[in-house]
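# Chain and residue survey
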Amino acid sequence: MDQISSLMRNGVNTDEPVLLYSGDHQVYWVGSEEASPFRCNAYLIVDGDVRVLFDPGSTMHHFPQVKKRVASIIPPESVTHIVLHHQDPDVSDSLPEWVKINPEVTLVATPRARVLLPYFGFPHDVKWLDASPNDNTVLELPSGSVLGFITAPFLHFPEALTTFDEASGFLLTGDIFAAIDPAWKLLVSDWETHWRSVVPFHVFYMASNRALAGYIDKVAPFPIKAILPQHGSVIPEQHVRKALEALRELPCGVDLLYPASNLESAISALLK
Ligand SMILES: [Fe+2]
Ligand SMILES: [Fe+2]
């Protein structure tokens, strides 16, 4: 039985890091306990001496908890890479603390996020790995697999990033597939109920259905075993295809905020 199925069966203790994938390549949830339903998930991948932290969060609200959870798995100074799926403060504000812990760490971000990230307050001469908008950037891991970096334009940052972890089949999506749910659980059990907490976030944060559908078409061919968003809950394999199809059809952002005029609607109705 895979790790997520066994967590679904036996329960999850989010007072500790949660192992989501095990073996010589491990994936952990290292997120925080938060009173706000706008809670943030950080993740850690340990693959030999490559240790990759994703979206570590803000200094005041997340850093002490995320650092403590990382420290219970590996020495925090052994984090070799930090992936910033975009540069919002709930994702990236704690970067100066992490760079202090390991000044040799490599930051992975898209070029447009890289322009903005140093404003959180760390030296420009840190190490960077630019995740190309051409979606051909990978990080090779000691186990022989790769992390593939896939951009998600205008979802919601103009050059937002996501990551496909080949070994686990996990798609780490940043704000895409985020959910705001006061009754938060780490793992989605009922998709139809969970979808109701996914829709409002996407309607107001994501640019348009064209952007969502374009991204879903890019990632749908991947053998996705789970979706790991930065807010909300991990979507296990049995719900992945439903989740992709649902998001592909969702109108959002400018589709709704700049509706067609009555005249445009009338003309398109006449021309049907
Ligand atoms: Fe964001
Ligand atoms: Fe976010």
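Residues numbered from 1 in each chain as written. Chains lettered and ligands numbered in written order. Predicted model: local features only at pLDDT ≥ 70, side-chain atom pairs only at ≥ 80, totals over all residues. Heavy atoms only, no water.

### Focus: the coordination of the iron ion (ligand 1)
With distances of 2.0 to 2.2 Å, the protein atoms coordinating the iron ion (ligand 1) are His86 (NE2), Asp88 (OD), His156 (NE2) and Asp175 (OD). Relative to the metal, the four donor atoms surrounding the iron ion (ligand 1) lie at angles of 88 to 168°, and the coordination shape comes out irregular. For the iron ion (ligand 1), the donor residues sit on a single chain with the sequence spacing H-x1-D-x67-H-x18-D. Separating the iron ion (ligand 1) from the iron ion (ligand 2) is a gap of 3.5 Å, which Asp175 spans by donating to each of them. Linking His156 in the loop between strand S9 (146-152) and strand S10 (160-165) with Asp175 in the loop between strand S11 (170-174) and helix H6 (191-205), this pair joins segments that are 19 residues apart in sequence. Pair check on accessibility: His156 and Asp175 agree, each one buried. (Donors = N, O, S within 2.8 Å, 3.2 Å for Na, K, Ca; no water. Tetrahedral: all angles 85-135°; square planar, octahedral: opposite > 155°, others 65-115°. Helix = DSSP H or I, 4+ residues; strand = E, 2+ residues; numbered from the N terminus. Buried < 20%, exposed > 50% of the residue type's maximum accessible area, 1.4 Å probe, protein only.)

### Description of empty space enclosed by the protein
In the structure shown here, the tally under the stated rule is one cavity of 30 Å³ or more. If you add up the space inside the largest cavity, you get close to 30 Å³. Lining the largest cavity are Asn41, Tyr43, Phe54, Asp55, His85, Leu172, Gly174, Leu228, Pro229 and Gln230. Breaking the lining of the largest cavity down by element, the ones donating at least two residues are S11 and strand S12 (226-229). Each residue belonging to the lining of the largest cavity can be placed in one class, and the counts come to five nonpolar, four polar and one charged. (1 Å grid on protein atoms, 1.4 Å probe; cavity = no way out; pocket = protein on both sides within 12 Å on 5 of 7 lines; lining within 4 Å. Points joined across faces, edges and corners; volume = space filled by probe spheres on them. Nonpolar A, V, L, I, M, F, W, Y, C, P; charged D, E, K, R; others polar.)

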